[in-house]
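Here's the letter readout for the chains.
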Amino acid sequence: MADQFIFWVAAIVAIIAAIRVVILKNAVLSVLHLIVTLIALAVLFLQLSAEFIAALQIIVYAGAIMVLFLFIVMLLNLRKDEFGRDQLPWLRLLGTLAGAAFLAELISLIGGGRVMAATVPDGFGSVRSIGIALFGEYMFPFELTSLLLVAAVLAAVVVARRKSSNEVDAAPPAGSEGEA
Amino acid sequence: MNALPVPLGNYIILSGILFSLGVIGVLTARNAIVILMSIELMLNAANLLLVVFARVHGDLGGQVMVFFVLTVAAAEAAVGLAILVAVFRLKGSVDVDRLNILKG
C-alpha cells in the first residue's frame, strides 16, 4: 500500500514538473523543474531495487549535468524578451498534437495481463553487483564509454573556445595551438 | 518480494507520458536550451523502462544500460551546450527560429 502511494506521488510530481519544463518561458525555471523530475524518477528507481542507479541519477544527472545546463543558461543571460513574436504560431499547436498522437499510439500498444517480477537475490542493483557486471560481462562497452567521454570533452573545448584574432581569417597552420 | 509496487502498465504509461512531453518540447520550444532539456527528458523516460524491465526479468543488464545512457547523456549535454555557446557568440541568440542561414 505504501509502495503504491509512493509510486503515485513520484509519478504525478514527475509529470507535472515535466510539463512545466516544456511550457515555462524562463529557462532557469525549466532547468530546476527538470531536476525535480529527475529526483522523482530516482525515487521510482529506489522502489525497483536499483539503489546504485538512483544514486547515480541524483549525483550525475541532477548534480552534474543539470548544473552544466544551469551554468550555460546563466552564462548566456537570456532575457525574457529575447524571443519575440512567434514566426510560425501554428507550429506550436501542431507539435503538441503530434506529441499527443504519439502518446495515444504508445498507450494503444500496451497489452493487458499481470506480469510478475522475477525474484531477485539480495543485493540486486547494489554497487557490488553492478560493478561485477560492468567489469565482467560489459567490460568492452564500459571501456568504450571512456573513449566517448574523451571525444566529448575534446569536442566541447574545440567548439566552445574563442578563436584568437589571427585564426579567424586564415586557417591555423598544423601543429600551432591558438590562445584559447 | 516478487511483485512490482504497481502493475507494469502504469510504468509504461508513465514512461510514455514523459517521452511524449519530451517530443512536444523538441517540436514546440524555440529556446535551444529547452530543446536539449527535452532530449534529456526522453532519455530519462527510456531509463525508467530499462530499470523496470531489469527488475521484471531479474537481469542486471538493464541497469548497466542505464549507466551507459547516463554517459551518453553527459557527452551529449557537453557537446550540445558547447555548440549553443558558439551559436550564441555568432548570432547573439539561441532562438532556433533565427538560425536560418541555411535557408535557400
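The structure under discussion appears in the preceding block.
Computed from a prediction, not measured in an experiment: that's the story for all the values here.

A. Structural detail: the overall build of chain B. Within chain B one finds three helices and zero strands. In chain B, the succession of helices and strands from N to C terminus is α-α-α. In chain B, which comprises 104 residues, the proportion classed as buried is 60%. Contacts in chain B between residues far apart in sequence, at least 24 positions, make up 55% of those at least 6 positions apart.

B. The arrangement of helix H6 (residues 139–160) of chain A in detail. For H6 of chain A, spanning 22 residues, the distance from its first C-alpha to its last is 32 Å, which sits close to the expected 32 Å at 1.5 Å a residue. The set of residues buried in H6 of chain A consists of Phe 142, Thr 145, Ala 152 and Ala 156 of chain A. Taken end-on, H6 of chain A shows its buried residues confined to a sector of 55°, consistent with a single buried face. Facing away from the buried side of H6 of chain A, by more than 90 degrees, are the exposed residues Phe 140, Leu 147, Leu 154, Val 157 and Val 158 of chain A. Among the structural elements, helix H5 (127–135) of chain A together with helix H3 (61–91) of chain B are those in contact with the buried residues of H6 of chain A.

C. Just the pattern of salt bridges, in detail. Residues and elements named next belong to chain B. Counted according to the given criterion, the structure contains one salt bridge over all chains. The partner of Arg 30 in a salt bridge is Asp 95, with the nearest N and O atoms 2.7 Å apart. Here Arg 30 is found in the loop between helix H1 (8–28) and helix H2 (32–57), whereas its partner Asp 95 is found in the segment after H3, with 65 residues between them in sequence. For the pair Arg 30 and Asp 95, one class covers both residues: buried.

D. How the structure looks around the nonpolar core. In this structure, Phe 69 of chain A together with Ile 33 of chain B are the most contacted members of the largest nonpolar core, which totals 70 residues. Elements supplying a minimum of two residues to this core: helix H1 (2–23), helix H2 (27–47), helix H3 (51–76) and H5 of chain A together with H1, H2 and H3 of chain B. If near-sequence neighbours (up to four positions away) are discounted, Phe 69 of chain A is found in contact with Val 31 of chain A together with Ile 33, Leu 36, Met 37, Glu 40, Ala 77 and Leu 81 of chain B.

E. Representation of the interface of chain A and chain B within the structure. Contact with chain A, which involves 82 residues of that partner, is made by 74 residues of chain B. Taking both partners together, chain A and chain B bury about 7,100 Å²; carbon and sulfur atoms supply 78% of that area. Looking at the side of chain A facing chain B, the largest losses of area belong to Leu 48, Tyr 61 and Phe 69 of chain A, adding up to 10% of the total buried there. If you look at where chain A meets chain B, you find seven residue pairs in polar contact (both at pLDDT 80 or more). Listed by contribution, the elements that provide at least two residues to the side of chain A that touches chain B are H1, H2, H3, helix H4 (89–108), H5 and H6 of chain A. Per-element tally for the side of chain A that touches chain B: the top contributor is H3 of chain A, with 13 residues. Here the side of chain A that touches chain B is composed, by residue class, of 59 nonpolar, 15 polar and eight charged.

F. A look at the packing of H1 of chain A against H1 of chain B. For the pair H1 of chain A and H1 of chain B, the least separation of the axes is 9 Å and the interaxial angle reads 10°. Viewed along their axes, H1 of chain A and H1 of chain B adopt a mutual orientation that is roughly parallel. Every residue of H1 of chain B that contacts H1 of chain A at Phe 7, Trp 8, Ala 11, Ala 14, Ile 15, Ala 18, Ile 19 and Val 22 of chain A is listed here: Asn 10, Tyr 11, Leu 14, Ile 17, Leu 18, Leu 21, Ile 24, Gly 25 and Thr 28 of chain B. When the residues that make up the contact of H1 of chain A with H1 of chain B are grouped by side-chain class, the tally is 14 nonpolar, three polar and no charged.

What counts, and where the lines are drawn
Residues numbered from 1 in each chain as written. Chains lettered and ligands numbered in written order. Predicted model: local features only at pLDDT ≥ 70, side-chain atom pairs only at ≥ 80, totals over all residues. Heavy atoms only, no water. Helix = DSSP H or I, 4+ residues; strand = E, 2+ residues; numbered from the N terminus. Buried < 20%, exposed > 50% of the residue type's maximum accessible area, 1.4 Å probe, protein only. Contact = heavy atoms within 4.5 Å. Expected span 1.5 Å × (residues − 1). Arc of directions from axis to C-beta. Salt bridge = Lys/Arg side-chain N within 4 Å of Asp/Glu carboxyl O. Core = buried A, V, L, I, M, F, W, Y, C linked by side-chain atoms within 4.5 Å. Buried area = accessible area lost by both parts, 1.4 Å probe. Polar contact = N/O pair within 3.5 Å; in protein donor to acceptor, adjacent residues only side chain to side chain. Nonpolar A, V, L, I, M, F, W, Y, C, P; charged D, E, K, R; others polar. Axes fitted to C-alpha atoms, helices over the stretch in contact; angles between N-to-C directions. Parallel < 35°, antiparallel > 145°, perpendicular 65-115°, else oblique.

So far we have only geometry, and geometry alone does not tell us how the molecule works.
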